[in-house]
Protein chains: 2
Amino acid sequence: MALIVQKYGGTSVANIEKIRNVAERVAEEYDKGNDLIVVLSAMAGVTNSMTKLAKQITATPESRELDVLLSTGEQTTIALLAMTLISTGYPAISMLGHQADIRTNDTFGKARILAIHADRIKKFIKKKKIVVVAGFQGWNANGDITTLGRGGSDTSAVAIAAALKADVCEIFTDVNGIYTADPNICLKAQKLNEISYDEMLEMSSLGAKILQIRSVEFAKKYNVPVHVRSSFCKEEGTMVVAEHSNMESLVVSGITCNKNEARITLKKVPDQPGTAVKLFTPISRAGILVDMIIQNTRSGGQTDMTFTVPQSDFAKAVEISRKVAEEVGAEEILTAENIAKISVTGVGMKSHSGVAAKMFATLAAENINIRLISTSEIRISCVIEAKYAELAVQVLHTAFELDS
Amino acid sequence: MALIVQKYGGTSVANIEKIRNVAERVAEEYDKGNDLIVVLSAMAGVTNSMTKLAKQITATPESRELDVLLSTGEQTTIALLAMTLISTGYPAISMLGHQADIRTNDTFGKARILAIHADRIKKFIKKKKIVVVAGFQGWNANGDITTLGRGGSDTSAVAIAAALKADVCEIFTDVNGIYTADPNICLKAQKLNEISYDEMLEMSSLGAKILQIRSVEFAKKYNVPVHVRSSFCKEEGTMVVAEHSNMESLVVSGITCNKNEARITLKKVPDQPGTAVKLFTPISRAGILVDMIIQNTRSGGQTDMTFTVPQSDFAKAVEISRKVAEEVGAEEILTAENIAKISVTGVGMKSHSGVAAKMFATLAAENINIRLISTSEIRISCVIEAKYAELAVQVLHTAFELDS
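Residues numbered from 1 in each chain as written. Chains lettered and ligands numbered in written order. Predicted model: local features only at pLDDT ≥ 70, side-chain atom pairs only at ≥ 80, totals over all residues.

A word on the overall build of chain A
For step 1, the next point in the chain: Scanning chain A from terminus to terminus reveals 13 helices and 20 strands.
For step 2, the next point in the chain: Taken over the C-alpha trace, chain A has a radius of gyration of 23 Å; the compact-globule value for 404 residues is 22 Å, and the two agree within 12%.
For step 3, the next point in the chain: For chain A, the C-alpha atoms occupy an extent of roughly 75 × 50 × 30 Å along the three principal directions.
For step 4, the next point in the chain: Across the 404 residues in chain A, those meeting the buried criterion constitute 49%.
For step 5, the next point in the chain: By sequence separation, contacts in chain A at least 24 residues apart represent 75% of the contacts at least 6 residues apart. (Helix = DSSP H or I, 4+ residues; strand = E, 2+ residues; numbered from the N terminus. Rg over C-alpha atoms; globule rule 2.2 N^0.38 Å. Buried ≥ 20, exposed ≤ 12 C-beta atoms within 10 Å, placed from the backbone. Contact = placed C-beta atoms within 7 Å.)

What about the domain arrangement of chain A?
For step 1, the next point in the chain: Domain annotation for chain A reports domain 1 (3-174) and domain 2 (244-404).
For step 2, the next point in the chain: Each of domain 1 of chain A and domain 2 of chain A has a C-alpha centre, and these two points are 37 Å apart. (Domains from an automatic or database assignment.)

Some points on the relation of the copies chain A and chain B
For step 1, the next point in the chain: Here chain A sits on chain B after a turn of 179° about the axis and a move of 0.1 Å along it, with an RMSD of 0.2 Å. Here the transformation between the copies is reduced to the relation of a two-fold axis. Of every C-alpha in chain A, the one belonging to T72(A) sits nearest the axis of rotation, 2.8 Å from it.
For step 2, the next point in the chain: A share of 100% of interface residues in chain A that are also interface residues in chain B marks the association as one of identical surfaces. (Least-squares fit on C-alpha atoms with pLDDT ≥ 70 in both.)

Comments concerning the interface of chain A and chain B
For step 1, the next point in the chain: Of the residues lining the interface, 24 residues belong to chain A; the matching set on chain B comes to 24 residues.
For step 2, the next point in the chain: Elements that contribute at least two residues to the side of chain A that touches chain B include exactly α2 (46-57), α3 (63-70) and α4 (72-87) of chain A.
For step 3, the next point in the chain: It is α4(A) that contributes the most residues to the side of chain A that touches chain B, eleven residues altogether.
For step 4, the next point in the chain: Residue classes in the side of chain A that touches chain B are distributed as twelve nonpolar, ten polar and two charged. (Nonpolar A, V, L, I, M, F, W, Y, C, P; charged D, E, K, R; others polar.)

Some points on unusual backbone geometry
For step 1, the next point in the chain: Even without being glycine, N367(A) reaches a positive phi, approximately 60°.
For step 2, the next point in the chain: For N367(A), a count of 8 C-beta atoms within 10 Å gives the class exposed.
For step 3, the next point in the chain: The backbone phi angle of K128(B) is positive, close to 60°, even though this residue is not glycine.
For step 4, the next point in the chain: Counting through the fold element by element, K128(B) comes out in the loop between α5 (119-126) and β6 (130-134).
For step 5, the next point in the chain: Taking the C-beta count within 10 Å as the criterion, K128(B) has 12 such neighbours and is therefore assigned exposed.

Looking at the sheet that holds strand β15 (residues 293-297) of chain B
Residue and element names in this part refer to chain B.
For step 1, the next point in the chain: Judged by pairing direction, the sheet is antiparallel, and its four strands sit side by side in the order β15-β16-β14-β17 without closing on themselves. Each having just a single partner strand, β15 and β17 (332-336) make up the two edges of the open sheet. For this sheet the average axis-to-axis angle between neighbouring strands, irrespective of direction, equals 15°.
For step 2, the next point in the chain: Two strands pair when backbone bridges link them, and β15 and strand β16 (residues 302-310) are joined in this way by five bridges, in the antiparallel orientation. Bridged to I294 within β16 is T306. (Pairing = 2+ DSSP bridges. Axes fitted to C-alpha atoms, helices over the stretch in contact; angles between N-to-C directions.)

Side note on the confidence of the model for chain A
Residues shown with low pLDDT carry predicted positions that ought not to be read at fine detail.
For step 1, the next point in the chain: Per-residue confidence for chain A gives a mean pLDDT of 92; residues scoring 70 or more make up 99%.
For step 2, the next point in the chain: For this predicted complex, the interface score ipTM comes out at 0.85, while the overall pTM is 0.86. (pLDDT = per-residue confidence, 0-100.)

Below, the structure written as structure tokens:
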């Protein structure tokens, strides 16, 4: 007997037939005597079509009202799943964000969960009900509906699991776990049986497609074991858990690749205090998330300043950079859009030396030029030309002995 | 400066273009300095398609969950209208049933409004906001979403108008008012400038298509002036108001026709106490609404018992009647499906005699045989063969001087 939170994404509830499959899977766990909370996303595509509908009215729909609109997506799926379960004899009950008392801040469109008062959910669990909760939504102190942003249902599920001290939070998705690399790029990619919260966070470019990063932060904070698995098969997936000593035997657990960034370099900036502030304050004010920042000292009191931004914000970032370059007296601006960031990640790095050296040597052996390097305690990232991205992933995968 | 509740039906908010029209109309009233609460239905057809979706799961979807599903229809339209108003510079805010605190009983699918605690609506009105409320929905004491049944948005609007003591409740629909007869049947039908609550209730077969009967009962109880008008033109419609002395100058205010009933007669029933109970108890238990009941005394301790039921319940009613007929020893059962109930209605009847006589004479002059007669204080109804229905409406319209 366990307390299990299951979360099913949009592709798992895309139509009545798939909702029936989910109901069968839920019923199976219930029949084993487990207590169940099921968190759902909207049907695949529905949130996008509603956003499009709102954009027919105005390019910038008011955010409170957009949340009222978007939250109907999960309201629909929870009602349909609860009906399906009830029609087959299982005691289900649906709960909206405000009914489950998922309290958030006021940031419509990407609200943060502040607290979950789980009393109502607990009351129904005690009565042996299957509680079907709308993911992606909550309410603020004024009683307004809020939504948590893209992939918010993962965060809902983990937060509910934390509030109820669930034994596990199962995230059902259309892949069967976390791999050592993207299987579409690297045919030898292996499914990991487990991965630490920190590795999952560092492997964000791979992980974000499967698990919303905020949900991993939440899981880490409250130590919620997360099981990422497929809704289309029974096979065990990947457990995302707290780091433990056995994990270090594997030096590197994954190779990831991110092609969605672009590089901007301000060349020959006079090396004076406050230059970085002048550049990154307006960029941050424009809502642009900077990923890597690297500064090289040149001779002659000058420095080169390089940073990467999401490609979607590239044009805006270049515009701001040009203004700042003129202001601070930088000589030139260089840009590159066709770049890829290749990362090797693993908690084992903490206790193994030579990972960086091996990475650089492996890339050099293929004549792949490294443009930028950045590191964390458990990750090394190199920016290279985009055309070498797939090759880099494959050779690193082999070099770090991940090909099974 | 007035406090106005406006209600727009499903055809008035069927797409973004029509929602823009509604927004313009609302803005126009707001610009005059009026306080505005706007109550909306779901987009035309949406409630039906959601019901169909639920029926793909099971023929009898669980009622609480069906309400969770159906209530998304109005949630969508209020968000879209509020966005539209805000995008054109008007301070609108949407409110769901529970946010507007529309309290109902527990009867999912056809809940009754118990109370509206209008404090939250009032707070926003004070701030000069246009409050856009989801019709058709409320919540019960457990915090569950409830829906009010077909046409429930009319009732929402009138109830909100009553709670706020609004100056008028405007019901925008696809016809421009209440007519003396169905204009599709009677080309000479005239639009009424006003009609009393009681007349509206008696003219239910005509009125139900335009205004939900429960909303008229509500309006009468709380004396809410209701203005039925078209959302597609600016013309004044029909005011539904409390009866006043001037109304009696018009003896008859409308001729209505109902072809959706069927007749059942138990012939030669032994005239004993308790026979009616034996017949109508099982019929009521089967959820069948009996309209007319007429009993004629025959000689020889026998009686004929005739009643009418909606055609949709006819088969079930006949089945029950056959069982009861055998039990009580009735000689025969007669049935007729092709019948029409023609009614003349008017508060003026209270002070004018001869209305019934004129009605019978008018029908007789056309050789239309009357099968059943029933009356109320302000209505006389005759059941005739269905094929004469249109003719009957036309000649009565002329006879009672309604052809303008």
